[in-house]
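Chain residues, written in single-letter form:
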Amino acid sequence: MNNFRRALLIFVPYSWLIFFFLIPFVIVLKISLSDYAISIPPYTPQLDLSAGWAGITDFFGNLDFENFSFLASDALYYTAYLSSLKIALISTFLTLLVGYPIAYGMAQAPDEWRPTLMMLVILPFWTSFLIRIYAWIGILSNEGFLNQFLLWTGLIDAPLTVLNTPSAVYIGIVYGYLPFMILPIYAALEKLDGSLIEAAEDLGCSKFSAFWLVTLPLSRPGIIAGCFLVFIPALGEFVIPSLLGGTSTLMIGKTLYEEFFNNRDWPVASAVAVVLLLILIIPIILFQKNEERQREANG
Amino acid sequence: MKFTGMTALATLLIAGAAGAEEVHVYNWSDYIDESLLGKFEEETGIKLIYDVFDSNELLETKLLAGSSGYDVVIPTGTFLQRQIQAGVFQKLDKSKLPNIVNEWDMVAERTSKYDPGNEYSVNYMWGTTGIGINVAKVKEVLGEDAPVDSLAFVFDPANMEKLSQCGVYFLDAPTEIIPAALKYLGEDPDAQDYDTIAKAEPVLTAVAPYVQKFHSSEYINALANGDICVAFGWSGDIFIAQSRAEEAGNGVEIEYHIPKEGALMWFDQMAIPADAPNPDAAHKFINFMLDAHNAAAASNYVYYPNGNKASQEFLNEDVIGDPAIYPDDATMSNLYTVSPWDPKVNRSVTRLWTKIKSGV
């Protein structure tokens, strides 16, 4: 009976993973092994079950890894992967720099303020992500609010070009993903036992070294979780670079879009997606290893 | 297609639940007088669901995926040709389109290049690809005699370097920009071999650093707000920017110029997907748009010329009388059309386009 219940419990998450992760992945992998064709859908071979066993062998015989060797042969793809990695890493770091003090301030705030502060962090989610990013076009453009304000204060005498540059992409990512950084760090800091800081100060630590030696290490799980929550979606980000980025902002999400829409080459686009997934799996495995180590250390 | 049965069932259920006939139309953004949508519903009693896109590529991907659910779609001729090959469309039943007599033979002749015999499509609107400018800002950086009516305006790096101070957008469409660059070089804009096409690369690479963004719809707002001073884009979009700036009363004056070397002439065609849920209503919608009054209303609103000869007497003077919209004979003889590249050349061109834009 117990075994049955356990099997049932495991079945639910696993069937979720099978239906919403494994099956879609296998479909994408299958398309990545096919060839481009002018037809509906635009690739070949199609699995023809009506032809029986011959149809199945035909189908598998026509799959190959040509698209993956094509990706390796053109500098565009790895340059785009590297550029995405760089943008994702830098913007994760910037988000941490902005997010940590906010989370720290929230955790230090009086108890009765906290729900309000929490609300303020979550509130932007009630507006569509697309609209919030679009609003930045109005802020950053040459005739936008930022330039008009700076011109008015007299800090600059010609408008700054921010929109359509990499800086605009960083601003967009930091803005868009900030709550994902703040919330896990805040959760870690909130649980922090205040008496530990008092003890550190009693034992001769300055305020700064108490923060450095006690608070920061104890909030590490929050920092790591926040960084992954920002880094992983930022790596494949498409909306922000296409709305705020310019001509020279190369990101893999945009390259994938071009393969899919401009070349109509679903097989190559799928190959790009499979490689992107493999690249993402590495940090996810590192994250899990880190979690396990933490658990062992604590247990 | 094992889903056909399910889709048909779902459509039946939806139609049954709604109790009314529906037609799904997928058109370009900013491309119709929206009061026509209500008029169609009133006249036919069919519920019109109107949805918009801003790139041929997006439309094509939806069509190639199959079961798009749309009854009428409006791709550009070059894209339509390839989609016909892929088997995306059904032949039009001309007996259901009595208004087809209004067609303009000048346009029908040219569209038969993409759709032989015009069996699958009828023209919705057509236009040219040219140069939109913010008059005051261009004067400020290039002086009184800026060559605004020449391709050199956007393809000569010396001009573009100065123009980049006030902002330049290009269409993000190699099918539009590369033929123009070839024309500028005196090559055949409709070249099909990659070696000739590649001659456009140095021209475009030299000016790309001065292009703030390659995008196919954002330039309407950017021009109208005064954020940029030059857009290499579609005629009607630039006229839309012009009227938006007038409405806003922000003092931005916008002009459209057809380059004197010649400009690309393109055709947006109404067609019915092979798996359209309601082809009958689709024919009704197309016939409605072929009505002389309706076609004129649409053109008066969006400032694009249409393929409807009979509508011309109902056009406003600032549409039919403007040679930048309805070109005069001299300009007309300079306009050219292009045909689609084959898939291999197309892939190389897309790659070339990425290289021009990003340097990689």
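The shown structure was predicted, so the numbers you read here are calculated from the model rather than taken from an experiment. (Residues numbered from 1 in each chain as written. Chains lettered and ligands numbered in written order. Predicted model: local features only at pLDDT ≥ 70, side-chain atom pairs only at ≥ 80, totals over all residues. Heavy atoms only, no water.)

Colleague: Just checking my understanding: could you explain the overall build of chain A for this structure?
Modeller: Helix and strand counts for chain A come out as 14 helices and 2 strands. By the compact-globule yardstick of 19 Å for 299 residues, chain A is too spread out, its C-alpha radius of gyration being 25 Å. Seen through its C-alpha atoms, chain A measures out along the principal axes to roughly 80 × 70 × 35 Å. Here the analysis covers contacts within chain A between residues at least 6 apart in sequence; of these, 71% occur between residues at least 24 apart. Approximately 17000 Å² of chain A is accessible, and the part contributed by carbon and sulfur atoms is 71%. Where the 14 positive side-chain charges of chain A centre and where its 22 negative ones centre are 7 Å apart. (Helix = DSSP H or I, 4+ residues; strand = E, 2+ residues; numbered from the N terminus. Rg over C-alpha atoms; globule rule 2.2 N^0.38 Å. Contact = heavy atoms within 4.5 Å. Areas by Shrake-Rupley, 256 points an atom, 1.4 Å probe, with all protein chains shown as cover. Lys, Arg positive; Asp, Glu negative; His and termini not counted. Charge placed at Lys NZ, Arg CZ, Asp CG, Glu CD.)

Colleague: So what exactly am I meant to see when it comes to the domain arrangement of chain B here?
Modeller: Reports often express the size of an interface as the amount of accessible area lost when the parts come together. Residues and elements named next belong to chain B. The assigned domain composition of chain B is domain 1 (3-126 + 266-326) and domain 2 (128-265 + 337-358). Once you take the C-alpha centre of each, domain 1 and domain 2 turn out to be 27 Å apart. Taken together, the contacts link 21 residues of domain 1 with 25 residues of domain 2. Aspartate 190 is the salt-bridge partner of lysine 113, the closest N and O atoms lying 3.6 Å from each other. For the pair domain 1 and domain 2, the number of links is 8 residue pairs in polar contact (both at pLDDT 80 or more). Elements with a contribution of two residues or more to the side of domain 1 that touches domain 2: helix 4 (77-85), helix 5 (105-111) and strand 9 (264-271). Among the elements that line the side of domain 1 that touches domain 2, the one with the most residues is helix 4, at 4 residues. Residue composition of the side of domain 1 that touches domain 2, grouped by class: 13 nonpolar, 2 polar and 6 charged. (Domains from an automatic or database assignment. Salt bridge = Lys/Arg side-chain N within 4 Å of Asp/Glu carboxyl O. Polar contact = N/O pair within 3.5 Å; in protein donor to acceptor, adjacent residues only side chain to side chain. Nonpolar A, V, L, I, M, F, W, Y, C, P; charged D, E, K, R; others polar.)

Colleague: What am I meant to see in the pairing of strand 9 of chain B here?
Modeller: For a regular strand, side chains alternate in direction, first toward one face of the sheet and then toward the other. Residue and element names in this part refer to chain B. The buried count for strand 9 comes to 8 of 8 residues, which makes it a mostly enclosed element. Residues Leu264, Trp266, Asp268 and Met270 of strand 9 are buried on one face, and the alternating residues Met265, Phe267, Gln269 and Ala271, pointing to the opposite face, are buried as well. Sheet topology places strand 4 (residues 121-134) next to strand 9; 8 bridges connect them, and they run antiparallel. Across the sheet, residue threonine 128 finds its bridge partner in strand 9, namely methionine 265. (Buried < 20%, exposed > 50% of the residue type's maximum accessible area, 1.4 Å probe, protein only. Pairing = 2+ DSSP bridges.)

Colleague: For this particular structure, what's the right way to read the pairing of strand 7 (residues 230-234) of chain B?
Modeller: All names here are of chain B. In terms of burial, strand 7 is a largely internal element, 5 of the 5 residues being buried. Of the strand pairs in this sheet, strand 4 and strand 7 are connected by 5 bridges, and their pairing is antiparallel. Paired with threonine 129 across the bridge in strand 7 is tryptophan 234. Pairing analysis gives 3 bridges linking strand 5 (residues 168-170) to strand 7, with the strands arranged parallel. Within the sheet, the bridge partner assigned to tyrosine 169 lies in strand 7 and is alanine 231.

Colleague: Would you explain the UniProt feature "transmembrane region" (unreviewed entry) in chain A in this entry?
Modeller: UniProt marks residues 7-29, 75-104, 116-137, 168-189, 210-235 and 266-287 of chain A with the feature "transmembrane region" (unreviewed entry), using the numbering shown here. Along residues 7-29 of chain A the backbone is 100% helical and 0% strand, and the end-to-end C-alpha distance reaches 29 Å. (UniProt positions renumbered as here; feature names shortened; annotations may be inferred.)

Colleague: Help me out: how do you make sense of the nonpolar core in this one?
Modeller: Side chains of nonpolar character tend, in soluble globular proteins, to be buried together. One finds B:Phe153, B:Phe155, B:Leu163, B:Phe170, B:Ile178 and B:Val230 to be the most contacted residues of the largest nonpolar core, which totals 127 residues. Here the element with the most residues in this core is helix 14 (residues 279-290) of chain B; it accounts for 7 residues. Split by domain, this core shows at least three residues from each of two domains, domain 1 (3-126 + 266-326) and domain 2 (128-265 + 337-358) of chain B. In this structure B:Phe153 touches B:Ile131, B:Ile133, B:Val138, B:Leu142, B:Ala146, B:Pro147, B:Val148, B:Asn159, B:Met160, B:Leu163 and B:Val230, once residues within four positions along its chain are discounted. Core analysis: the second largest hydrophobic core is formed by 52 residues, A:Trp136, A:Ile173, A:Ile182 and A:Ile252 among them. (Core = buried A, V, L, I, M, F, W, Y, C linked by side-chain atoms within 4.5 Å.)

Colleague: In this structure, what is going on with the UniProt feature "domain: ABC transmembrane type-1" (unreviewed entry) in chain A? I would like to understand it.
Modeller: The UniProt record annotates "domain: ABC transmembrane type-1" (unreviewed entry) at residues 81-287 of chain A. For residues 81-287 of chain A, helix accounts for 76% and strand for 0%, while the C-alpha atoms at its two ends are 20 Å apart.

Colleague: Even after reading the chapter, I still don't get the state of the cysteines, so can you show me in this structure?
Modeller: Throughout this description, disulfide means a covalent bond between two cysteine sulfur atoms. Residues and elements named next belong to chain B. Under the defined criterion, the tally for this structure stands at 1 disulfide over all chains. Covalent S-S linkage joins cysteine 166 and cysteine 229, the inter-sulfur distance amounting to 2.0 Å. Taking the torsion about the sulfur-sulfur bond, which here is approximately 65°, the covalent link between cysteine 166 and cysteine 229 counts as right-handed. Separated by 63 residues along the polypeptide, cysteine 166 in the loop between helix 8 (157-163) and strand 5 and cysteine 229 in the loop between helix 12 (219-225) and strand 7 bring together distant segments of the chain. (Disulfide = S-S within 2.5 Å.)

Colleague: Sorry if this is basic, but what is going on with helix 1 (residues 2-32) of chain A here?
Modeller: Helical periodicity: at 3.6 residues per turn, an α-helix aligns residues three or four positions apart in one direction. Residue and element names in this part refer to chain A. Over its 31 residues, helix 1 extends 43 Å from the first C-alpha to the last, a length consistent with the 45 Å expected when each residue adds 1.5 Å. Approximately 40° is the largest bend angle found in helix 1, and it occurs at isoleucine 18. For helix 1, the secondary structure elements touched by its buried residues are strand 2 (43-44), helix 3 (66-73) and helix 14 (266-298). (Expected span 1.5 Å × (residues − 1). Bend = angle between axes of the 7 residues up to and from the residue.)

Colleague: What is the right way to look at the side chain of B:Asn300 in this model?
Modeller: Among the secondary structure elements, B:Asn300 is positioned in helix 15 (residues 292-302). Residues in contact with B:Asn300, not counting those within four places in the same chain, are B:Phe314, B:Leu315, B:Asn316 and B:Val319.

Colleague: Looking at this structure, I do not really get the packing of aromatic side chains. What am I missing?
Modeller: We describe a pair of aromatic rings using the distance from one ring centre to the other and the angle between the two ring planes. Inspection of the entire model under this criterion finds 38 aromatic pairs over all chains. Ring centres of B:Tyr26 and B:Phe53 lie 4.7 Å apart, and the angle between their planes is 55°; this geometry places the pair in the tilted category. With a gap of 27 residues between them, B:Tyr26 in strand 1 (residues 22-28) and B:Phe53 in strand 2 (residues 47-53) connect regions that are remote in the sequence. The exposure class of B:Tyr26 is buried, given its relative accessible area of 2%. The exposure class of B:Phe53 is buried, given its relative accessible area of 2%. Seen in terms of ring centroids, B:Trp28 and B:Trp234 are 5.6 Å apart; in terms of plane orientation they differ by 75°. Their pairing is edge-to-face. Separated by 206 residues along the polypeptide, B:Trp28 in strand 1 and B:Trp234 in strand 7 bring together distant segments of the chain. By the burial criterion, B:Trp28 is buried, and B:Trp234 matches it. Taken together through their ring pairs, the aromatic side chains of A:Tyr43, A:Phe238, A:Tyr257, A:Phe260, A:Phe261 and A:Trp266 make up a single cluster. (Phe/Tyr/Trp six-rings, centres within 6.5 Å; stacked < 30°, edge-to-face > 60°.)

Colleague: Please clarify how unusual backbone geometry should be interpreted in this entry.
Modeller: Among all residues except glycine, the phi angle is most often negative; among peptide bonds, the trans geometry is most common. Of the consecutive residues A:Ile40 and A:Pro41, the connecting peptide bond is found in the cis state with omega at -15°. Positive phi, normally seen in glycine, also occurs at B:Asn118, with a value near 45°. With respect to the helices and strands, the residue B:Asn118 is situated in the loop between helix 5 and strand 4. Within the chain, B:Tyr303 stands out as a residue other than glycine whose phi angle is a positive 60°. In this fold, B:Tyr303 is placed in the loop between helix 15 and helix 16 (317-320).

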